[in-house]
Amino acid sequence: MRTMILISGALALGLAACGQGGGEAKTDAAGGGAPSAAEMLNGPKPGLWRVTTEMSGMPAGAPAMAPVETCIQTASFEAPAGNQAPGADCTNQPFTRDGDAMVSSSSCTVQGIKADSTIRVTGDFNSRYVMTVNTKMDPAPAPNMGETTVTMTGERLGDCPAA
């Protein structure tokens, strides 16, 4: 089973994804520290996760997103998903480790709007993670929407329910 967590900004641009992979994220051998780069690439620990999404920089009246519960079987960090929208022209950087975070970037042009995004993911990936996506769009697709920030907080609730 493939579990995908996809963040979509304006114009349905795919900015970051966790896709098929394997294994659990673990802390380093020193005990309790930040996961190693290789361990972080495994993504969130399999199980039931609640993901809460907050957005800033969206037009007034944009609907709030309700928390989503999803069962992750396997996951790994992959380069941001490109060309998600028809006609999108994207360049993507693979995730790399930067201190205690995994970081990536994406630059897409769709219908004459350029969107440059940076993605930063922190957490222990066993119980919690926070993914922040900052996007700058030129020209802005709506007033006061030239810069947006999407923050997704994942909290592991336990094992997936039996099917």
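Use the structure listed above.
Here is a short report on the structure shown in this document. Predicted, not measured: the structure shown is a model, and the values here were computed from it. Numbers given for residues are sequential positions, taken from 1 along each chain in its written order. In keeping with the model being predicted, local features are shown solely for residues with a pLDDT of at least 70 and side-chain atom pairs are shown and tallied solely at 80 or more, while totals for entire chains, interfaces and linings include all residues. Side-chain descriptors were evaluated using all non-hydrogen atoms of the structure, hydrogens and water having been removed beforehand.

1. Topic: the pairing of strand 8 (residues 113-123)
Here 10 bridges tie strand 7 (residues 101-110) to strand 8, and the two strands are oriented antiparallel to one another. Counterpart to Met102 in the pairing with strand 8 is Val121. Any two strands with at least two DSSP-identified bridges between them are counted as paired. Numbering of helices and strands starts at the N terminus; helices are DSSP runs of H or I of at least 4 residues and strands are runs of E of at least 2. The antiparallel pairing of strand 7 with strand 8 creates a hairpin that spans 2 residues between the two strands, and Gln111 there sits at a positive phi of about 50 degrees. In this antiparallel pair of consecutive strands, strand 8 and strand 9 (residues 128-138), the connection spans 4 residues, and Phe125 shows a positive phi of 65 degrees.

2. Some thoughts on the state of the cysteines
Disulfide assignment relies on a single distance test, namely cysteine sulfur atoms paired within 2.5 Å. Applying the stated criterion across every chain, the model contains 2 disulfides. Put simply, Cys71 and Cys160 are joined by a disulfide, and their sulfur atoms are 1.8 Å apart. When the S-S torsion is 110 degrees, as for the bridge of Cys71 with Cys160, the disulfide is right-handed. With Cys71 in strand 4 (residues 68-72) and Cys160 in the segment after strand 10 (147-158), the pair connects residues that are 89 residues apart, well separated along the chain.

3. What to know about the side chain of Thr148
Along the chain, the position of Thr148 falls in strand 10. Classification of Thr148 as buried rests on a relative accessible area of 7%. In contact with Thr148, other than residues within four places in its own chain, are Ser56, Gly57, Met58, Val133, Asn134, Thr135 and Met137. Relative accessible area decides the class of each residue, using a 1.4 Å probe on protein chains only: under 20% of the type maximum gives buried, over 50% gives exposed, and in between gives partly exposed. Two residues form a contact once any of their heavy atoms are found within 4.5 Å.

4. Brief notes about the nonpolar core
Within this scheme, the nonpolar core is defined by two criteria: the residues are buried Ala, Val, Leu, Ile, Met, Phe, Trp, Tyr or Cys, and they are joined through side-chain atoms within 4.5 Å. Formed by 14 residues in total, the largest nonpolar core has its most connected members in Phe95, Ile119, Val121, Tyr129, Met131, Val133 and Met152. Elements represented by at least two residues in this core include exactly strand 3 (47-56), strand 8, strand 9 and strand 10. Of all the elements, strand 9 adds the most residues to this core, at 3 residues.

5. A short note on the side chain of Thr53
Structurally, the position occupied by Thr53 is in strand 3. Apart from the residues within four sequence positions on either side, Thr53 is in contact with Met65, Val150, Thr151 and Met152.

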